[in-house]
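Here's the letter readout for the chains.
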Amino acid sequence: MATDVRIAQAIGTLGCAVAAGGIATLSMISIPTIIIPARRPPSATLPFHDTPGTPTAHLTHQWLHLYDRGSRIFPGISAVSSLATIYTLWALRDSPTHAPGILGSSWSTCYLLAIGATMGIVPFTFTVMKKTNAKLKAHARRDDAAGAEGTEGMVVSAQEKAKRAREDSEVLELLHYWSQLNLIRATFPLVGAGIGFYAAVSSWVIP
């Protein structure tokens, strides 16, 4: 097999794995870290409540920073991986498939499935995660206009205070829910990596 095809297979498979790992890290490490409660004093005798040690307004700012960085990095990695897989698909278009098994009897079946699974993060983000993303973004940006106009410290009505308190009370639950959805999102490129690896190994053993 030509070297360029092997390189494309490696980029396609490893790129998907990197994207899956990076996306999953947000749920398994980043979110649990930003919502960590304040350290409990050794002399504390009152029941300890799992309340974040960071103000609610800053929690969503941290989340938005993670979200923006992730949205610039992981879709790009997934796209590059998919382009490499498309090249592999084109290069092996006339090659037989070894031991087809459960993924079909042609290279196109394997690689198209890998591409579809990998890029599934995009529709999942804009459909399943859309409402949760919108609520967290709105909370993170709710004081931006006031800050820009120099009215950040202005007096607000009791009704507005109640609304803001309700929004603040929902933040922790929204972050937990977003973390769960994001972990599901990570499975898309992971499945793509698995299918791509299966196809690559199958191509290596063809006589």
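Here the residue numbering is sequential within each chain, running from 1 through the sequence in written order. Only residues with pLDDT of at least 70 get local features here, since the model is predicted, and only at 80 or more are side-chain atom pairs given and counted; chain-wide, interface and lining totals rely on the full set of residues. The side-chain quantities take in all heavy atoms of the structure and omit both hydrogens and water.

> Any chance you could explain the pattern of salt bridges here in plain terms?
Two side chains that carry opposite charge are able to pair once their charged atoms sit near each other. A carboxyl oxygen of Asp or Glu within 4 Å of a side-chain nitrogen of Lys or Arg is what we treat as a salt bridge. Here the structure, examined in full by the defined rule, presents 2 salt bridges. A salt bridge links E167 to R142; its shortest N-O distance comes to 2.8 Å. Within this pair, whereas E167 is found in helix α7 (residues 158-204), its partner R142 is found in the loop between α5 (130-141) and α6 (144-149), the two being separated by 25 residues in sequence. Residue R142 is classed as partly exposed on the basis of its relative accessible area of 22%. In DSSP terms, a helix is any run of H or I states spanning at least four residues, a strand is any run of E spanning at least two, and both are numbered starting from the N terminus. Note on exposure labels: buried denotes an accessible area under 20% of the residue type's maximum, exposed denotes more than 50%, and partly exposed covers the range between, all computed with a 1.4 Å probe on protein chains only.

> What am I meant to see in α5 here?
Owing to its 3.6 residues per turn, the α-helix brings residues three or four apart onto one side. One fewer than the residue count of a helix, multiplied by 1.5 Å, yields its expected span. Along its 12 residues, α5 runs 16 Å from first to last C-alpha, staying within 8% of the 16 Å computed at 1.5 Å per residue. Those residues of α5 that fall on the buried side of the exposure criterion are T132, N133, L136, H139 and A140. Take α5 and look down its axis: the buried residues cluster within an arc of 135°, on one side only. Facing away from the buried side of α5 by more than 90 degrees, the exposed set consists of K130 and K131. An arc is given here, and it is the one of the directions from the helix axis to the C-beta atoms.

> What exactly am I supposed to notice about the environment of G53 here?
Considering the arrangement of structural elements, one finds G53 in the loop between α1 (3-34) and α2 (56-91). Judged by its relative accessible area of 47%, G53 is partly exposed. In this view, G53 contacts I36, P37 and A38; residues no more than four positions away in its chain are not counted. Two residues qualify as a contact provided that any one of their heavy atoms is within 4.5 Å of a heavy atom in the partner residue.

> Sorry, what's going on with the side chain of R185 here?
Within the secondary structure, R185 sits in helix α7. No salt bridge forms around the buried R185; measuring N to O, its nearest opposite-charge neighbour D68 is 11 Å away. Of note is the side chain of R185, whose polar atom sits 2.7 Å from the side chain of T125. Those residues in contact with R185, other than ones at most four positions away along the chain, are I23, I121, F124, T125, M129 and W178. Positive charges come from Lys and Arg alone, negative charges from Asp and Glu alone, with His and the N- and C-terminal ends not counted. Any pair of N or O atoms that falls within 3.5 Å is considered a polar contact. Within protein, one atom must be able to donate a hydrogen and the other to accept it, and sequence-neighbouring residues count only if both atoms are side-chain atoms.

> For this particular structure, what's the right way to read a nonpolar patch on the surface?
Together, I7, I11 and V80 make up a nonpolar patch on the protein surface, roughly 260 Å² of accessible area in all. With respect to the element layout, I11 can be found in helix α1. Owing to a relative accessible area of 40%, I11 belongs among the partly exposed residues under this scheme. Each patch groups residues whose relative accessible area exceeds 30% and which form no salt bridge, using 9 Å between like charges and 5 Å between nonpolar side chains of Val, Leu, Ile, Met, Phe, Trp and Tyr. Surface accessibility in these figures is a Shrake-Rupley result with a 1.4 Å probe; residues are shielded only by whichever protein chains are displayed.

> So what exactly am I meant to see when it comes to the nonpolar core here?
Inside soluble globular proteins, nonpolar side chains tend to come together where they are buried. Among the nonpolar cores identified, the biggest contains 22 residues, and I31, I35, L59, W63, L136, L175 and W178 are the most heavily contacted of them. If you list the elements that add at least two residues to this core, you get α1, α2, α4 (121-127), α5 and α7. Element by element, the count of residues in this core is highest for α7, at 6 residues. Once residues within four sequence positions are removed from consideration, W178 is found in contact with L26, I31, W63, Y67, M129, T132, N133, L136 and R185. By nonpolar core is meant a set of buried Ala, Val, Leu, Ile, Met, Phe, Trp, Tyr and Cys residues that side-chain atoms within 4.5 Å join together. Among the nonpolar cores identified, the runner-up in size contains 6 residues, and V5, L89, Y111 and A199 belong to it.

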